[in-house]
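# Chain and residue survey
So you can see what is in the structure, the chains are spelled out below.
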Amino acid sequence: MKKSSFPKWLDFNAMSSFERVTLLAGIVAFLLGLWGLYTRLFVGEREVGYGSYVVWGLWVTMYLFLAGIATGSYILAAFEYLFNIPLFKGVGKSALWAGLVTMPGALASIGMDLGHMERIIKVYLQPNFSSLLAQMVWGYTLFLVITVITLWMAFKQKAGTPADGAFKAVLWIGLVMSIFLSGGVGALLGVNASRPYWSIGLLSVQFPIYAFASGVSLMMIVVGWFLGFKDEKQREHLLRWLGWVAIGLSLAKIYILWAYLSQGWYSNLPGVIDPIREIMFGKYWWYFWVIQIALGTLVPLFIHMTPKLAHNNLWAGLTGLMVLTGFAVARANIVFPAMTVEALDGLPEAFFGPHLSITYYPTLLEWSVTLGVLGGVTLFFLLGARYLSIFNKPSEVK
Amino acid sequence: MAEAPKDVLVRMRDDLQRALEKAPGDRRWVMVIDLRKCVGCHACTIACVAENKLPPGVVYRPVLEQERGTYPNVSRMFVPRPCMQCDNPPCTQVCPVTATYKNAEGVVDVNYEDCIGCRACIVACPYGARTSDFGYTYLEELPVLDGAIVGRVTSEEYERSANYEYGKEYPRLNHRASPIGNARKCHFCLHRIHEGELPACTTTCIGRATLYGDANDPDSVVSEMIKLPNVIRLKEELGTEPRVYYLV
Ligand code: SF4
Ligand code: SF4
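Residues numbered from 1 in each chain as written. Chains lettered and ligands numbered in written order. Predicted model: local features only at pLDDT ≥ 70, side-chain atom pairs only at ≥ 80, totals over all residues. Heavy atoms only, no water.

### Regarding the overall build of chain B
Across its full length, chain B holds eight helices and 10 strands. Taking 248 residues into account, the globule formula puts the C-alpha radius of gyration at 18 Å, and chain B, at 19 Å, falls close to it. Counting only C-alpha atoms and orienting by the principal axes, one finds that chain B spans roughly 65 × 45 × 45 Å. Taking all 248 residues of chain B together, 58% fall into the buried category. Of the accessible surface of chain B, which amounts to about 10,700 Å², a share of 55% is contributed by carbon and sulfur atoms. Taking the 30 positively charged and 33 negatively charged side chains of chain B as two groups, their mean positions are separated by 4 Å. (Helix = DSSP H or I, 4+ residues; strand = E, 2+ residues; numbered from the N terminus. Rg over C-alpha atoms; globule rule 2.2 N^0.38 Å. Buried < 20%, exposed > 50% of the residue type's maximum accessible area, 1.4 Å probe, protein only. Areas by Shrake-Rupley, 256 points an atom, 1.4 Å probe, with all protein chains shown as cover. Lys, Arg positive; Asp, Glu negative; His and termini not counted. Charge placed at Lys NZ, Arg CZ, Asp CG, Glu CD.)

Below is the structure:
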């Protein structure tokens with residue numbers, strides 16, 4: 001057979017079918033994103049759907065989502081290395097690598113949302129630490145550094161040996177940061193008394209749960225589709241448990257949603273009840289009922305309870321993908337609807353112009369950039385993991 | 001013979017001169033809007049757009065039209081809404097780079113060179129008083145016809161030439177040039193105030209419904225007004241301490 005001129009990690013023929021499909025999907029997404037990335041960088045922000053009333057849109061949602069995956073993945077890795085939880089054995093490096101590539105994706109997404117992204121350096125040079133945003137930028141930068149160190153230490157760690165003192169210390173720092181940072185993005189919204197829908201106390205506490213659930217769902221995809229095991233039984237075992245954790249967290253999400261929405265509904269405050277109406281019965285109803293509830297929770301539950309499907313790698317990965325999508329939409333349903341409420345009675349009708357609307361749908365430019373970012377993250381994750389032999393190595397678990 | 005009472009605009013200009021003799025920290029600029037006198041002509045909105053060369057999508061002082069009651073007992077009210085220049089502004093503490101802050105005179109400024117355009121301040125403002133500049137010009141869609149005077153070239157030049165907010169020059173050169181990409185808001189026309197001129201909205205108001213001055217001066221028009229029992233401030237329950245008062 002002719003030897004490929006590509007190194008093994010780049011060699012298409014050496015990839016599994018799941019890897020090939022993911023690679024192609026990543027390339028297509030990235031290519032579709034090129035137009036958006038070019039337009040955003042060289043033409044500006046004019047073609048976006050958000051504006052002065054619905055201030056943050058898809059890109060901020062993607063930032064919350066990808067940052068959530070990063071912190072959630074770290075929590076998962078900490079569970080393996082720090083607490084030796086058998087349930088999560090074997091996913092540590094993949095989880096850390098996932099965190100390391102999704103975090104820059106999150107930052108790229110929020111960077112695109114800045115009117116002057118070239119000035120981001122100012123957040124480091126002249127930070128205002130009473131701003132949650134400044135705290136998050138600094139926090140996530142430190143978190144990235146901690147993740148790099150953790151991954152490096154995980155590679156140095158001998159298979160099967162418990163984490164040593166220095167590794168444990170780093171993991172503890174990373175774990176505490178993950179919990180605070182994932183909650184912090186909720187607080188970023190929740191501190192705004194101007195948006196009563198966000199000011200319900202439950203808002204920021206749900207974010208760490210969302211983050212962990214996102215990390216777990218991503219690992220379902222990784223375990224189902226990519227990770228190599230010496231013994232297929234181990235994959236099956238991991239998938240079964242990861243699936244139950246993901247579904248358990250999705251059900252917890254529904255419970256929190258119920259508490260959040262019913263409490264808000266009961267208060268009958270216009271700033272609270274109007275977004276809830278929009279989410280449940282208004283223009284965002286299908287995001288909520290179809291994607292968040294049905295596709296993100298009920299279908300995965302059905303799949304997981306059907307033994308034939310649950311034991312199939314393809315379906316297990318798809319379940320992870322569905323739960324993950326559900327959690328992405330959960331973030332969207334927090335971000336947009338709160339801003340579709342008039343700040344003052346009659347404000348949207350008082351002056352007309354571009355980006356002065358309380359209706360929001362992401363535009364082609366926003367979707368394109370998002371696809372580009374997701375495509376980039378996917379490619380970086382897959383090829384990087386292959387380069388670092390994260391998938392290929394047999395798991396350390398006996 | 002008794003002296004004829006001065007027009008309120010003349011009085012306010014006199015108030016302004018007195019205030020400018022004080023140290024900046026001793027002035028307390030406030031705006032009073034008499035809702036009973038506002039006829040909803042939107043002249044102040046347009047004056048503000050012209051003064052600050054605001055592009056499409058950016059507005060500092062819209063006039064909200066609100067209906068009260070149910071037919072046949074309905075009334076219509078016009079509520080001009082500038083930035084409230086809150087004394088406890090939620091917009092400043094969320095800014096990651098302190099690009100927006102309360103200046104020495106108590107007016108909330110935006111430093112366009114520092115602003116990264118994150119729009120956190122827009123989210124935080126309970127009054128919807130900030131808008132984002134996405135870089136439009138009003139006449140950019142007009143065709144340029146050979147031999148016909150349609151004015152696009154001249155108007156483009158005018159729209160792209162500098163405005164003088166905050167006493168600085170901000171030409172609209174390209175999508176990276178501030179104030180494009182920034183959060184923008186009413187600044188009580190401080191660039192005019194420092195030249196001894198009242199804010200553009202105040203001088204333009206045909207009903208003399210908008211009043212401006214130093215509330216630390218007991219003889220000023222605004223001091224008289226904010227003592228009245230029929231004075232309110234918007235969303236006072238949020239503790240923002242607005243400096244814009246409404247007479248109802
Ligand atoms: S009205 Fe809004 S923009 Fe103006 S000072 Fe108050 S919070 Fe800030
Ligand atoms: S948009 Fe500008 S002024 Fe507003 S919070 Fe962000 S950096 Fe500060």
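### Considerations on the overall build of chain A
The helix and strand tally for chain A stands at 14 helices and zero strands. Overall, chain A shows an N-to-C arrangement of helices and strands of α-α-α-α-α-α-α-α-α-α-α-α-α-α. Since a compact globule built from 398 residues should have a radius of gyration of about 21 Å, the 21 Å found for chain A is in line with a globular shape. Expressed along its principal axes, the backbone C-alpha trace of chain A runs to roughly 70 × 45 × 45 Å. In chain A, once contacts between residues fewer than 6 apart in sequence are set aside, the share between residues at least 24 apart is 79%. (Contact = heavy atoms within 4.5 Å.)

### Description of the site of ligand 1
In the vicinity of ligand 1 there are 13 residues, among which C83(B), M84(B), C86(B), C91(B) and C125(B) approach most closely. In the shell around ligand 1, the residues fall into 10 nonpolar, one polar and two charged. (Near = heavy atom within 4 Å. Nonpolar A, V, L, I, M, F, W, Y, C, P; charged D, E, K, R; others polar.)

### Looking at the interface of chain A and chain B
At the interface, 45 residues of chain A touch 54 residues of chain B. Residues R46(A) and E140(B) are paired through a salt bridge, measuring 2.2 Å at the closest nitrogen-oxygen approach. Applying the counting criterion to the chain A and chain B interface returns 36 residue pairs in polar contact (both at pLDDT 80 or more). Elements with a minimum of two residues in the side of chain A that touches chain B: α1 (17-42), α4 (121-125), α5 (132-156) and α13 (347-350) of chain A. Tallied by class, the residues present in the side of chain A that touches chain B amount to 23 nonpolar, 14 polar and eight charged. (Salt bridge = Lys/Arg side-chain N within 4 Å of Asp/Glu carboxyl O. Polar contact = N/O pair within 3.5 Å; in protein donor to acceptor, adjacent residues only side chain to side chain.)

### Some points on helix α6 (residues 165-190) of chain A
End to end, α6(A) covers 37 Å across 26 residues, agreeing with the expected 38 Å (1.5 Å per residue, within 8%). The sharpest bend along α6(A) comes to roughly 25°, located at G184(A). (Expected span 1.5 Å × (residues − 1). Bend = angle between axes of the 7 residues up to and from the residue.)

### Considering the pairing of strand β3 (residues 75-80) of chain B
Residues and elements named next belong to chain B. In terms of strand pairing, strand β2 (residues 63-68) meets β3 through six bridges, oriented antiparallel. Within β3, the position partnered with E67 by the bridge is R76. Linking β2 back to β3 in an antiparallel pair, the connection comprises six residues, with G69 at a positive phi of about 85°. (Pairing = 2+ DSSP bridges.)

### Describing the pattern of salt bridges
Opposite charge on two side chains allows them to pair when their charged atoms are near. Residue and element names in this part refer to chain B. With the rule as written, the count across this model stands at 30 salt bridges over all chains. Ionic pairing is found between K168 and E113, a salt bridge with its closest N-O pair at 3.8 Å. Of the two residues, K168 sits in the loop between α5 (152-160) and β7 (183-184) while E113 sits in the loop between β5 (108-110) and α4 (120-124), which places them 55 residues apart along the sequence. Of the residues examined, K168 reaches a relative accessible area of 38% and is grouped as partly exposed. We classify E113 as partly exposed; its relative accessible area is 37%. The network of salt bridges with shared partners includes R28, D87, K102 and R243.

### Details of the confidence of the model for chain B
Put simply, chain B has an average pLDDT of 93, and 97% of its residues get 70 or more. The ipTM, which scores confidence in the relative placement of chains, is 0.92 for this predicted complex, and the corresponding pTM is 0.93. (pLDDT = per-residue confidence, 0-100.)

### Overview of the site of ligand 2
Taken together, C95(B), P96(B), V97(B), T100(B), C115(B), I116(B), G117(B), C118(B), R119(B), C121(B) and A183(B) make up all the residues around ligand 2. When the residues that make up the shell around ligand 2 are grouped by side-chain class, the tally is eight nonpolar, two polar and one charged.

### A closer look at the environment of R11(B)
All names here are of chain B. For R11, the position within the fold is in helix α1 (residues 8-20). Separated by 141 residues in sequence, R11 and R152 place their C-alpha atoms 41 Å apart. Look past the residues within four positions of R11 in its chain and what remains in contact with it is K6, D219, S220, V221 and E224.

### Digging into the sheet that holds strand β10 (residues 244-247) of chain B
Residue and element names in this part refer to chain B. A sheet is described by the order of its strands in space; here four strands give the open sequence β8-β1-β10-β9, paired in mixed fashion. Of all strands in the sheet, those bounded by a partner on one side alone are β8 (210-214) and β9 (231-232). The sheet contact formed by strand β1 (residues 29-34) and β10 spans four bridges and is parallel. Across the sheet, I33 pairs through a bridge with Y246, a residue of β10. Against the sheet, α1 makes contact with β1 and β8, and its axis sits at roughly 25° relative to β8, the strand it touches most. (Axes fitted to C-alpha atoms, helices over the stretch in contact; angles between N-to-C directions.)

### Digging into a nonpolar patch on the surface
A surface patch of nonpolar side chains, about 490 Å² in accessible area, is lined by F12(A), L24(A), I27(A), F30(A), L31(A) and L34(A). A residue is classified by how much of its surface remains accessible, and I27(A), at 34% relative accessible area, is partly exposed. (Patch = residues over 30% accessible without salt bridge, like charges linked within 9 Å, V, L, I, M, F, W, Y side chains within 5 Å.)

### Here's the deal with the nonpolar core
With 197 residues, the main nonpolar core has W56(A), Y63(A) and W198(A) as its most contacted residues. The dominant element in this core, judged by the number of residues it contributes, is helix α2 (residues 58-81) of chain A, at 17 residues. (Core = buried A, V, L, I, M, F, W, Y, C linked by side-chain atoms within 4.5 Å.)

### Let's talk about the pairing of β10(B)
All names here are of chain B. Residues V244 and Y246 line one face of β10 and the alternating positions Y245 and L247 line the opposite face, and both faces are buried. Alignment of β9 against β10, held across two bridges, turns out to be antiparallel. Bridged to V231 within β10 is L247.

### Details of the packing of aromatic side chains
Residues and elements named next belong to chain A. One pass over the structure, following the stated rule, counts 31 aromatic pairs over all chains. When the centroid spacing of 5.1 Å and the interplanar angle of 35° are considered together, the rings of Y38 and F42 count as tilted. Taken together, the positions of Y38 and F42, both in helix α1 and four residues apart, correspond to about one turn of that helix. Judged by relative accessible area, F42 falls into the exposed class, the value being 52%. (Phe/Tyr/Trp six-rings, centres within 6.5 Å; stacked < 30°, edge-to-face > 60°.)

### Remarks on α5(A)
Every α-helix winds through 3.6 residues per turn, so residues three or four apart in the chain are directed the same way. An ideal rise of 1.5 Å per residue puts 36 Å on 25 residues; α5(A) measures up with 35 Å between its terminal C-alpha atoms. Between a side-chain oxygen at the N-terminus of α5(A) and the backbone nitrogen of L133(A) the separation is 3.2 Å; the capping residue is S131(A).

### Side note on the packing of helix α9 (residues 270-280) of chain A against helix α10 (residues 285-305) of chain A
All names here are of chain A. Running from N to C, α9 and α10 cross one another at 55°; their axes reach a closest spacing of 5 Å. Between α9 and α10, the interaxial angle falls into the category oblique. Contacts from E278, I279 and M280 of α9 reach α10 at W285, F288 and W289. Across the contact of α9 with α10, the residue classes break down as five nonpolar, no polar and one charged. (Parallel < 35°, antiparallel > 145°, perpendicular 65-115°, else oblique.)

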